[in-house]
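Structure assessment
Given next are the chains, with one letter for each unit.
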Amino acid sequence: MSVKVGIGFDIHRLVEGRKLILGGFEIPYLKGLFGHSDGDVLIHAICDSLLGAIGGSDIGQLFPNTDPRYEGISSIKLLEEVRDLVEKKGFKINNVDSTVVADEPHLEPFKPKISAIIAQTLKIDQECVNIKATTNEGLGEIGKKEAIACYAVACLEKIK
Ligand code: MG
């Protein structure tokens, strides 16, 4: 059995006048994540973890932020494309784990909804998608509520 692991990281600035989309879910908050797409830092980190596991570069290269096709796009669409790439390369996703680093908002109430959306998109069981949340203890840009970051790890199995 050939098992591959990939890691992903992303950070986006929190700005006024944007919706806060995390894991494809709109979270009620006074600011949102800035980005060429919807700025979904969690999905971007997960995409990179999957791409890392298949040795498939990164989302910045796959979906350049200079490409008008990706302007304002739902990052779930990017995750669908990455999922298709994973399938095409003969891999099955075992599990995805993630840690969102945000001093605000409190994400606990939204975790089940978010993991359900990601599991559905990846076509895996919800128990195989883990979302963790932590704060940055008031430190740095995240602590000042000027940014949200996310780490993700994916474990894949080569089946073809
Ligand atoms: Mg990003």
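Refer to the structure printed above.
Residues numbered from 1 in each chain as written. Predicted model: local features only at pLDDT ≥ 70, side-chain atom pairs only at ≥ 80, totals over all residues. Heavy atoms only, no water.

Let us now look at the overall build of the protein chain. When you go through the protein chain residue by residue, the secondary structure sums to 5 helices and 7 strands. Over its C-alpha trace the protein chain gives a radius of gyration of 15 Å, about what one expects of a compact globule, namely 15 Å for 160 residues. Principal-axis analysis of the C-alpha atoms places the extent of the protein chain at approximately 45 × 35 × 25 Å. Sequence separation of at least 24 residues holds for 74% of the intrachain contacts in the protein chain that already meet a minimum separation of 6. Of the roughly 8,100 Å² of accessible surface on the protein chain, 51% is carried by carbon and sulfur atoms. Averaging the locations of the 19 positively and 23 negatively charged side chains of the protein chain gives two centres separated by 5 Å. (Helix = DSSP H or I, 4+ residues; strand = E, 2+ residues; numbered from the N terminus. Rg over C-alpha atoms; globule rule 2.2 N^0.38 Å. Contact = heavy atoms within 4.5 Å. Areas by Shrake-Rupley, 256 points an atom, 1.4 Å probe, with all protein chains shown as cover. Lys, Arg positive; Asp, Glu negative; His and termini not counted. Charge placed at Lys NZ, Arg CZ, Asp CG, Glu CD.)

With that settled, the discussion passes to the coordination of the magnesium ion. Distances from the magnesium ion to its protein donors, Asp-10 (OD), His-12 (NE2) and His-44 (ND1), fall within 2.0 to 2.3 Å. By relative accessible area, which is 13% here, His-12 ends up buried. (Donors = N, O, S within 2.8 Å, 3.2 Å for Na, K, Ca; no water. Buried < 20%, exposed > 50% of the residue type's maximum accessible area, 1.4 Å probe, protein only.)

Backbone torsion omega between Glu-104 and Pro-105 reads -10°, so that peptide bond is classified as cis. Looking at the element boundaries, Pro-105 is found in the loop between β5 (91-101) and α4 (111-122). The phi dihedral of Ser-57 falls on the positive side, at around 65°, and the residue is not glycine. Within the secondary structure, Ser-57 sits in the loop between α1 (41-53) and α2 (59-62).

Okay, the side chain of Asp-40 next. Within the element layout of this structure, Asp-40 appears in the loop between β4 (32-33) and α1. Among the polar contacts made by the side chain of Asp-40, one reaches the main-chain amide nitrogen of Gly-23 at a distance of 2.9 Å. Once residues within four sequence positions are removed from consideration, Asp-40 is found in contact with Ile-21, Leu-22, Gly-23, Gly-24 and Ser-75. (Polar contact = N/O pair within 3.5 Å; in protein donor to acceptor, adjacent residues only side chain to side chain.)

A separate point is the pairing of strand β6 (residues 129-134). Across 6 bridges, the pairing between β5 and β6 is parallel. Paired with Val-101 across the strands is Thr-134, a residue of β6. Read from β5 through α4 to β6, the crossover connection turns out right-handed. (Pairing = 2+ DSSP bridges. Right-handed = clockwise from strand over helix to strand, strands pointing away.)

Within the largest apolar cluster, 46 residues are counted, with the highest numbers of intra-cluster contacts made by Leu-22, Leu-42, Leu-50, Val-100, Ile-118 and Leu-156. Elements with a contribution of two residues or more to this core: β2 (20-22), α1, α3 (75-88), β5, α4, β6 and β7 (147-158). Residue contributions to this core peak at 9 residues, all from α1. With sequence-adjacent residues up to four places away left out, Leu-50 is seen in contact with Leu-79, Val-82, Val-86, Ile-93, Val-96, Leu-122, Ala-154 and Leu-156. (Core = buried A, V, L, I, M, F, W, Y, C linked by side-chain atoms within 4.5 Å.)

With that settled, the discussion passes to the sheet that holds β7. In spatial order, the strands read β4-β1-β7-β5-β6; together these 5 strands make up an open sheet with mixed pairing. Only two strands of the sheet have a single neighbouring strand rather than two, namely β4 and β6. Pairing analysis gives 12 bridges linking strand β1 (residues 2-15) to β7, with the strands arranged antiparallel. The partner of Ile-7 across the bridge, within β7, is Val-153.

Right, let's get into the environment of Ile-7. Its location among the elements puts Ile-7 in strand β1. For Ile-7, a relative accessible area of 63% corresponds to the exposed category. In this structure, the C-alpha to C-alpha distance between Ile-7 and Ser-75, residues 68 residues apart in sequence, is 18 Å. Apart from residues lying up to four places away in sequence, Ile-7 is in contact with Asp-48, Ser-49, Ala-152 and Val-153.

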